[in-house]
Amino acid sequence: MNLHQYRHIYFLGIGGIGMSAIARWFLAKGFAVAGYDRTLTPLTKQLETEGARIHFEDDVALIPASFKEKKTETLVILTPAVPVTHKERQFLEQEGFTIMKRSQVLGLLTQEQYLIAVAGTHGKTTTSSMVAHLLHHAGVSTSAFLGGISTNLGSNLLLPHQEEERALAVVEADEYDRSFLTLHPDIAIVTSTDPDHLDIYGEKEALVESFRQFVRQIKPNGYLLLNHTADQTLADAVDPTVQVIRYGLEGEELCATSVTIAEGTMHFSAQGRNLQLSQAALQVPGFHNVENALAAVQAVSLLDVSADELRNGIAAYTGVKRRFEKVASCGDKIFLDDYAHHPREIEAFLRSVRALYPQRKVRVIFQPHLFTRTRDFLEGFAQSLGLADEVWLLEIYPARELPIAGVTSQLLFDQLVCQNKRLLAKEEVLKELAKDLDFNVLATVGAGDIDMLVPEIKKLMEEKAHVLE
């Protein structure tokens, strides 16, 4: 399929982090881009400044006339989060428009390129952004489609040099809805295979089987970088010519040595397959981020990037928005923001917070994401959040789901083991926070719309710190 046969690209769910990266690609290539999304966000505002026409009501009349009139020139790109009951979706289907899933388009955009794909139930956004950054920093012409906003790039899209359209590609390979099965990587990284998206898979084994299918699609003579916590049967699923490199902080072929924390920076050395990297300094804190960096430097080293370039690239890496992001430092108080929405992610985040800020009082404001995920991992959420001194729990963010009887934040609240806990509406947070700043470290955590509170919380903390001065 030749995407250039279309001139109008219409997105159903244009504001999603993965969808918006593809929208930006089409905008950069001169296509007319429009779309629907449920919510106005800073990301949709930015897309509009880049030339996209966006509306926020499910109304066929709001689809630009030029997109509706020229069916053969209009491609519709759909995210699985848009339900079959959506009026615009129904209209476009009934009228016979060409409709493709985001994952199918991503597969087409990268099919002719040397592809590095990063998969995993968590860690893939940070790791893929590290790979893209290291290549870009080393001057390697690279395109990248990321699941978060790289603070180095200021975007979730990296475009190659104009004269090198067949450059390397880096993508975040999403397991949701088996989306990553449209990809055929040369190098695949699998960061984790913990149970998730059980509304799609039903059970962990079905999820793992999907990952097995993904790694079977690694091209001959390619590489699989497999985290030690991931299901090790993935190594048996690859083509016999594919080389498997297992990695972890210790005890694996690819591992870290001399890991220390100093003033918020992770210092480590790494050794792996034809790789010796000494005295790397990673500004993004967290032991899990050292593991992510191991996979990234190994993948990039396979493309003949030198150890010196890797070391310099790691030192210059500043992270991804909402991944262990240090939002503010006000006197003796630190404000962090993180996208963690799975018990393992929350545990990794809070253990790193504890290591970085020992003996500090940690308050977490957590917004559960999805009714099914809250139900399926109730005990895990209760245990991982228990690593905080205090938890303020918000209502469940539904995203694509309808409510499930009996599944509420109250259900999780009742199981929280920490003594200091509160159940709040999102609208109450700022008022209550203004009355109670008894913490050293504050963390907003979750994958819903909790990030909308971040600027206001930062403003509040800065104002309070100014008054105290």
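Refer to the structure presented above.
Right, let's walk through the structure included here. These numbers were taken from a predicted model, which means no experiment stands behind them.

## Some thoughts on the overall build of the protein
Okay, so step 1: Looking only at helices and strands, the protein has 17 helices and 21 strands in total.
Okay, so step 2: Expected size for 469 residues packed as a compact globule is a radius of gyration near 23 Å; at 22 Å, the protein falls within 12% of this value.
Okay, so step 3: Taking the principal axes of the C-alpha coordinates as reference, the protein spans close to 60 × 55 × 45 Å.
Okay, so step 4: Burial analysis of the protein (469 residues in total) assigns 55% to the buried set.
Okay, so step 5: In the protein, of all internal contacts separated by at least 6 residues, the share reaching a separation of at least 24 is 67%.
Okay, so step 6: For the protein, the exposed area adds up to about 19200 Å²; of that, 48% sits on carbon and sulfur atoms.
Okay, so step 7: With 45 positive and 61 negative side-chain charges, the protein shows a spacing of 2 Å between the two charge centroids.

## Description of the nonpolar core
Okay, so step 1: Counting residues in hydrophobic clusters, the biggest one holds 52 residues, and the most contacted among them are Phe11, Phe26, Val33 and Leu224.
Okay, so step 2: By residue number, the principal contributor to this core is helix 1 (residues 17-28), which donates seven residues.
Okay, so step 3: Not counting residues within four places of it along the chain, the set of residues in contact with valine 33 comprises Ile9, Phe11, Ile14, Ala23, Phe26, Leu27, Gly51, Ala52, Arg53 and Phe67.

## Some remarks on helix 14 (residues 378-385)
Okay, so step 1: Among the residues making up helix 14, those that are buried are Leu378, Phe381, Ala382, Ser384 and Leu385.
Okay, so step 2: Against the buried residues of helix 14 lie helix 12 (343-356), strand 18 (362-366), helix 13 (371-376), strand 19 (390-393) and helix 15 (409-415).

## Quick notes on the packing of helix 1 against helix 2 (residues 42-49)
Okay, so step 1: Orientation of helix 1 relative to helix 2, taken along the N-to-C sense of each, is 5°, at an axis distance of 11 Å. Judged by the inter-axis angle, helix 1 sits roughly parallel to helix 2. The segment helix 1 lies against helix 2, with Ile17, Ser20, Ala23, Arg24 and Leu27 engaging Leu43, Gln46 and Leu47.

## Some thoughts on the pattern of salt bridges
Okay, so step 1: In total, this model carries 25 salt bridges according to the counting rule given.
Okay, so step 2: Ionic pairing is found between arginine 351 and glutamate 347, a salt bridge with its closest N-O pair at 3.1 Å. Within this pair, arginine 351 and its partner glutamate 347 are both found in helix 12, separated by four residues, close to a single helical turn.
Okay, so step 3: Accessibility expressed as a relative area gives 49% for arginine 351, which makes it partly exposed.
Okay, so step 4: Taking the relative accessible area as the measure of exposure, glutamate 347 reaches 28% and is therefore partly exposed.
Okay, so step 5: For lysine 426, the salt bridge is made with aspartate 449, and the minimal N-O distance between the two is 2.9 Å. Of this pair, lysine 426 sits in the loop between strand 20 (420-423) and helix 16 (429-435) while aspartate 449 is found in the loop between strand 21 (441-445) and helix 17 (454-468), placing the two residues 23 residues apart along the sequence.
Okay, so step 6: Accessibility expressed as a relative area gives 23% for lysine 426, which makes it partly exposed.
Okay, so step 7: Three or more residues are tied together by salt bridges with common partners; here these are Lys361, Arg363, Glu390, Asp436 and Asp438.

Reading the values: the criteria
Residues numbered from 1 in each chain as written. Predicted model: local features only at pLDDT ≥ 70, side-chain atom pairs only at ≥ 80, totals over all residues. Heavy atoms only, no water. Helix = DSSP H or I, 4+ residues; strand = E, 2+ residues; numbered from the N terminus. Rg over C-alpha atoms; globule rule 2.2 N^0.38 Å. Buried < 20%, exposed > 50% of the residue type's maximum accessible area, 1.4 Å probe, protein only. Contact = heavy atoms within 4.5 Å. Areas by Shrake-Rupley, 256 points an atom, 1.4 Å probe, with all protein chains shown as cover. Lys, Arg positive; Asp, Glu negative; His and termini not counted. Charge placed at Lys NZ, Arg CZ, Asp CG, Glu CD. Core = buried A, V, L, I, M, F, W, Y, C linked by side-chain atoms within 4.5 Å. Axes fitted to C-alpha atoms, helices over the stretch in contact; angles between N-to-C directions. Parallel < 35°, antiparallel > 145°, perpendicular 65-115°, else oblique. Salt bridge = Lys/Arg side-chain N within 4 Å of Asp/Glu carboxyl O.

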